[in-house]
Structures are given as C-alpha cells and as structure tokens.
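# Geometric and topological summary
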Amino acid sequence: MEVKILSAKFGIENAHLLEVAKQHGAYQTLDKLFSMTPEQVIDEVKNSGLRGRGGAGFPAGVKWSFLPKGLDKPVYLTVNSDESEPATFKDRHILVKDPHMLIEGIIICCYAIGCHHAYIYIRGEYTTQVRALQRAIDEAYEAGYLGETVAGHEFQLDVTVHRGAGAYICGEETALLESIEGKKGQPRSKPPFPAVVGLYDSPTIINNVQTIASLPYIIWEGADAYKQYGTERSPGTHLFGISGHVNKPGMYELPLGLPLLEVIDTVAGGVWKGRSLKGVIPGGSSTPVLTPEEVKTVTLDYESMAAHKTMFGSGGIVVLDETVDIVELVKNLIDFYHHESCGQCTPCREGLGWMLKIVEKILAGNGSVADIDLLRELCDNIEMKTVCVLSAACTMPVRSYLNKFRHEFEAYVADTAS
Amino acid sequence: MSDRSQLISTGESFAFDAERDAEFERLVVRYPIRESMIMPALWMAQEQAGWISAEAIEYIADRIGTFPAKVLELATFYTMYQLKPVGRYHICVCRTLSCWLRGKQDIVDYLADEIGIKPGEMTEDGKFSFEEVECLGHCGTAPVVQINGEFHEEMDLKKFKALLATLT
Ligand SMILES: Cc1cc2nc3c(=O)[nH]c(=O)nc-3n(C[C@H](O)[C@H](O)[C@H](O)COP(=O)(O)O)c2cc1C
Ligand code: SF4
Ligand code: FES
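All values derive from a computational prediction rather than experimental measurement.

Definitions and cut-offs
Residues numbered from 1 in each chain as written. Chains lettered and ligands numbered in written order. Predicted model: local features only at pLDDT ≥ 70, side-chain atom pairs only at ≥ 80, totals over all residues. Buried ≥ 20, exposed ≤ 12 C-beta atoms within 10 Å, placed from the backbone. Helix = DSSP H or I, 4+ residues; strand = E, 2+ residues; numbered from the N terminus. Arc of directions from axis to C-beta. Contact = placed C-beta atoms within 7 Å. Core = buried A, V, L, I, M, F, W, Y, C linked by C-beta atoms within 7 Å. Near = placed C-beta within 6 Å. Domains from an automatic or database assignment. Pairing = 2+ DSSP bridges. Right-handed = clockwise from strand over helix to strand, strands pointing away. Nonpolar A, V, L, I, M, F, W, Y, C, P; charged D, E, K, R; others polar. Axes fitted to C-alpha atoms, helices over the stretch in contact; angles between N-to-C directions. Parallel < 35°, antiparallel > 145°, perpendicular 65-115°, else oblique.

## Observations regarding helix α12 (residues 260–267) of chain A
Residue and element names in this part refer to chain A. Turning to α12, its buried residues are Leu260, Val263 and Ile264. Down the axis of α12, the buried side of the element spans an arc of 95 degrees, and every buried residue falls inside it. Close packing links the buried residues of α12 with β6 (250–255), β7 (277–281), α13 (292–297) and β8 (316–321). Of the residues flanking the end of α12, it is Gly269, one or two places downstream, whose phi is positive at about 75 degrees.

## Some details on the nonpolar core
Counting 166 residues, the largest nonpolar core has Leu77, Ile106, Ile107, Cys110, Ile113 and Val319 of chain A together with Leu42 of chain B as the members making the most contacts within it. Of all the elements, helix α6 (residues 99–113) of chain A adds the most residues to this core, at 11 residues. The contacts of Ile107 of chain A, once residues within four sequence positions are left out, are Leu30, Tyr145, Val150 and Leu157 of chain A.

## Concerning the site of ligand 1
Residue and element names in this part refer to chain A. In the vicinity of ligand 1 lie 23 residues, with Gly52, Gly54, Gly171, Asn208 and Thr211 positioned nearest. When contributions to the shell around ligand 1 are tallied by element, the ones reaching two or more residues are β4 (204–208) and α19 (390–404). At three residues, the largest contribution of residues to the shell around ligand 1 is made by β4. Both of domain 1 (18–227) and domain 3 (326–417) provide at least three residues apiece to the shell around ligand 1.

## Comments concerning the pairing of strand β3 (residues 158–163) of chain A
Residues and elements named next belong to chain A. Bridging between strand β2 (residues 117–122) and β3 involves six bridges; their strand directions are parallel. Following the sheet pairing, Tyr121 is matched in β3 by His162. Traced from β2 through helix α7 (residues 127–142) to β3, the parallel crossover comes out right-handed.

## Re the domain arrangement of chain A
Splitting chain A by domain gives domain 1 (18–227), domain 2 (237–321) and domain 3 (326–417). Tallied by class, the residues present in the side of domain 2 of chain A that touches domain 3 of chain A amount to two nonpolar, four polar and no charged.

## Concerning the site of ligand 2
Among the 15 residues in the neighbourhood of ligand 2, the closest are listed as Cys342, Cys345, Cys348, Thr386 and Cys388 of chain A. In terms of residue class, the shell around ligand 2 is made up of eight nonpolar, six polar and one charged.

## Quick word on the interface of chain A and chain B
Across the contact, 42 residues belong to chain A and 32 residues belong to chain B. Counting residues per element, the ones that place at least two in the side of chain A that touches chain B are α7, β3, β5 (237–244), β6, β8 and α15 (326–340) of chain A. Looking at the side of chain A that touches chain B residue by residue, the class counts come to 16 nonpolar, 18 polar and eight charged.

## Quick notes on the domain arrangement of chain B
Annotation of chain B at the domain level lists domain 1 (18–77) and domain 2 (89–165). Spacing between the C-alpha centres of domain 1 of chain B and domain 2 of chain B amounts to 29 Å.

## Topic: the sheet that holds β3 of chain A
All names here are of chain A. The parallel open sheet is built from four strands, whose spatial order is β3-β2-β1-β4. On the outer flanks of this sheet lie β3 and β4, each paired with one strand and no other. Averaged over all adjacent pairs, the angle separating strand axes in this sheet is 20 degrees, with direction ignored. Sitting on the sheet, α7 is in contact with β2 and β3, with an inclination near 165 degrees to β3. Sheet strands in contact with helix α8 (residues 173–180) are β1 (76–81), β2, β3 and β4, and its direction is about 110 degrees off that of β1.

## A look at the pairing of β6 of chain A
Looking down a regular strand, the side chains alternate between one sheet face and the other. All names here are of chain A. Taken across its six residues, β6 has five buried, putting it largely inside the fold. One ladder, built from six bridges, connects β5 with β6; its direction is antiparallel. When the bridges of β6 are listed, Ile242 appears paired with Gly250. Linkage of β5 to β6, two consecutive antiparallel strands, is achieved through a turn of five residues.

## Some points on the packing of α15 of chain A against α19 of chain A
All names here are of chain A. Where α15 meets α19, the closest approach of the two axes is 9 Å, and the angle between their N-to-C directions is 170 degrees. Taken together, the axis directions place α15 and α19 in an arrangement best described as roughly antiparallel. Seen from α15, the contacting residues are Ile326, Val330, Leu333, Ile334, Tyr337 and Glu340; seen from α19, they are Leu390, Ala393, Cys394, Pro397, Val398 and Tyr401. Across the contact of α15 with α19, the residue classes tally to 11 nonpolar, no polar and one charged.

## Let's talk about unusual backbone geometry
Glycine aside, negative phi is the norm for most residues, and most peptide bonds take the trans geometry. Note that the residue after Pro191 of chain A, namely Pro192 of chain A, is joined by a cis bond; omega there is 0 degrees. Note on placement: Pro192 of chain A falls in the loop between α8 and β4. Put simply, Ala142 of chain B and Pro143 of chain B share a cis peptide bond, and its omega is -5 degrees. If you check the backbone angles, Ala87 of chain A has positive phi at about 85 degrees while not being a glycine.

Right under this line is the structure:
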C-alpha cells in the first residue's frame, strides 16, 4: 500500500546533505521552473488538486491565486512547521530526512507568488530538527540556490527560520504571523485574510511543510502524474502518522482514499496485544472519533471523512483499544486545549476550564447526569463564538465522545449513585 | 511549565557573548521590524545562560529598542522560556494523548516516587528538573521524553531508568 513520493529519499543515507540529495534529483526542477511563467506554475498546482496538508485541506493553487495583484508591497510566504496538533508527526520527517525537498518547494512557491523572502516557523521543541533545517538552508545559500539569484536565474530569495517557543496556538496561521512580528501568539479576526493583509501588513501565503514539499514532484512529473495517486477530489499522497494501540505505529506515506480499517490492519500491524478496537481518531486529536462500525466503511480522504461527520485533519491516526477509558481520554484532551488557549476569548479561556472541572468531577465520582448534559451544552455554547477555531478543536471531538460513548460517562455517574 | 510569576535578578549585568552577538547581527537584517528579534534574542539569552534573568530581559529590550515589558510579555506567554534556573538535566515528559495511551504515567510516577520531583520541581542538588509538556510531535514512538533538547523515544520505565543512570 505504501508509496514513495515525498518519502522517496527518506531511506537513503545522508539524503539530508546537499551532495547526496542532488545525486537523487534535488533541485532538478529549477531549470524547468524558470522556463515556466508564474501563472503556469500556479495552474499546474491547481490542476494537481494538491490540498493543504496542515489540516483544513484547502486547495493550494487556489489559495495562491487569492493574492491581490499590483500592490506596492512585498509578498511573503510563511511555511507552517509548528506541527503541534496532538498525534501529528509527519512534517519533522521532511525537516530531518529531506530538508532540500522543502527548500526546493519553497523556491517553487515563491517564484509562483512573487515572494522574495520566506519564513519557516518551526516549533521550539524541534531542536535537532531546526539544526538539520538550518544546515540545509546554509548549504543551499552556499551552493547558490538561495540568495541574490537562484541557481543562476534572476530571482532573489531569502529564507529565514523563526523558532517558536512552546505555544500550540502558533500553528494557527494568524497567530503564527503575530509571533513572527514579535508579539504574543494570539489569532487575528478574519477578514482580512492573510492573503490580503498578512505578515507586516503585506499579502502573505501560509502553507504547511508537507504542502510545500509536495511541489517539486508536481512540477517535475506534472499534475497528471500526481493525480494518479489518491481519489479524484483528494488526489496525491499523504504522510500518515499512526499512533496509539497498534503493533507497528509510525509514519507511512500512502495514497489518499485507502480503507482505514485495512490500513490499520495491514500497514500498522493491527490492534496490539490481540485486543479489540474501541475507536479511531482519524486526523489529529481535534477530529471527532470514529466507532469500530464507522471504521469499517470510512476511507482516508477528505470526502469520506466528511461523510462520516469527522475530518481528514492532519492525517494523525490514533487507534484506541478496548481498555481505553474514554472519560479519562476526554480529560487529557480538554487539558491540552485549555492549557494551549491563548486567552483572548472568554468562551475559550474560561469555558474549556469549566469543561475540565466538570470532567474531573465526573471522574472523581461526584458527577451527575446533569453534569454530562452540562458538558454537552458547554460544547454548543463555546463553539464558533471565538476568534479562532482552537475552542472548536476541543468541543467537536468532546461532543463526539459524548454522543458515541455516553454510556462510559454514565457509568461514572451511576457508580456514585449506587 | 515553570513558575512564570516573577522575574529573578542575578545582580550581574548581562550581555551576549561574541558568538551570539554575531548571530544577532546576522538575523536582525532578516526582519523589517526590530520587534521580530525579541523571540530569537530570548532563545539566544536562554542558550547562553540556561535561563532568562531580569538583566537579560533589560539587555534584550535595550538592544532591540523596545520596552522591557514587551520582552517580558513574550517571555511569559511562550512556555519554553525559563524564567528561573533549571536543573543540569531538564527532563520534559510528554503528557498528551498518544504518550498517555502508551504509558507515560509510569515515567511521571517514577520521577515523583523515586527521584522526588513533581512537574515544575528540581532536585535539591540541582541535577534534575522536570516538567510535563504537550505533544512533542513524536507520537508514533511514544512515550517520548526530551532531556536538554534531545529526544528519547519508545521509552518505558526500564529504558528511562537506564537513561537516567547514564547522566552524571
Ligand atoms: C489551533 C490551530 C492549530 C494549527 N496548527 C497547525 C500546525 O501545527 N501546522 C499546520 O501546518 N497547520 C496548523 N493549523 C492550520 C493553519 O492555520 C493553516 O490552515 C495551515 O497552516 C495552512 O496550510 P495548508 O493550506 O498548506 O494546510 C492550525 C490551525 C489551528 C486553528
Ligand atoms: S478561541 Fe481560544 S485560542 Fe483561539 S483566539 Fe480565542 S482564546 Fe485564543
Ligand atoms: S502525544 Fe506525546 S509526542 Fe505526541
């Protein structure tokens, strides 16, 4: 089932070094790139159907075409390498194993959108990763792929790495921009959208690492080659991260559209310890949980996930075996989002705290059925009433656990009564 | 997350060493506004001194041409900036979903029961400090521990004990 597009060089020793990467095709697209017009590049990416891999799945080429034309301001690209959504661990493989693929992707994107300075926002915890990335950037400057010209072509491009320092919210695109501007990572109200007013009040494109790293293949092989993989509306491949209770957790590159159950059983070696399945979180901790019944019919693409009332998200799949205490899991989840709230909206800052207290009360055996209902009510009252969707990233999954595993909450409550 | 309630003074002035001075100058021209240098400068100060003191905050503000309160605001918002000294070995244990599912609690309990430190604490000899942190992006090799920035994956109690024994 596995394919190797993005991960083509992952198995090659020292492929993070320019010399080795070049032997395996790094930067080969550049001559072709500069023979195309920026519009042709955008069209090729549009045709490939490449969708943003940061979570929302917005078509990359379409996003680029939102940039206003003819403004007397620089255009910026910021590459989102914050990778902090629980259960997501794909981008760092690119940073460490094939950073030149990312840099080549940045060159492609910048040429297409007319950007001469790209910032890579990388989470502060990625220490070894930032070293690998900076080393590759230094190599690229030295070899003339970045700087005054790009591989001898009249195109000036700088790439600067900006390190975060432990705030999940900076993965949200406007919080990320605030953070680069030297402020607290507090999301902005939209509109205006970053494509119009972004970094330093200038038009800005924000894309995920994996989105950008997919570009060299698309430009070199063409949109049609890319579309051979995946489904019609969810083309291409994705670096899926499978974690939790499976025999072979890890990062696997797969075409989109595969049946989830088959992937768990064959690629990830099935549920561990011979246990049965309780549920699957399909795309990072903020995506609604799927029951074993739903897991049988869902496929790994945006449309099927939506049809199952959940989301493709970041492709971080978490497998839960029969022993998982759902109420404890919900506490762990709320704890995370509450801790990471940036604090500027009351429903998020306070509401998630209340939710946490209620779950703790239920777990301590002091809850009642009314508390379960209150939890549900809070979800409805918090969601979509805040500046960004961090609060919904908590309430959407919590609601799914309340709906699908209500009996586990009731068991805690019933225990107290008896 | 360490105690972020106050700023501690060392009583000695702070300045970047030659290496960080050069790094500051290399980076400052990369940003159209100087405030963008607050986070990189906080990182450099922390790497140089191990933590961020009142004097470091003043120095950074001065160097960038902004108010100390602006620098402090970021130093408190972003949880990786340490506003008090940490141990020689600073242990971060991931407490989030996948690590929780794969047994991070054994490690947390061991640190509390055998080493005697709870999240946010440091051993008396200053050897180990410990905090629980959120998802470290290594969920496929959970549970994960980061010590002085180095990742240690697929931990269990036995491996963790062996790892601590190598730290002198
Ligand atoms: C709370 C929150 C956290 C996010 N974290 C990340 C992240 O860590 N990495 C990422 O690429 N996108 C993250 N996103 C999505 C970004 O806001 C943005 O949509 C994405 O980077 C766009 O890139 P793409 O179109 O290539 O997917 C997050 C969004 C929210 C609301
Ligand atoms: S929803 Fe939460 S994280 Fe998002 S802006 Fe409001 S307070 Fe901040
Ligand atoms: S949950 Fe621990 S590294 Fe992601």
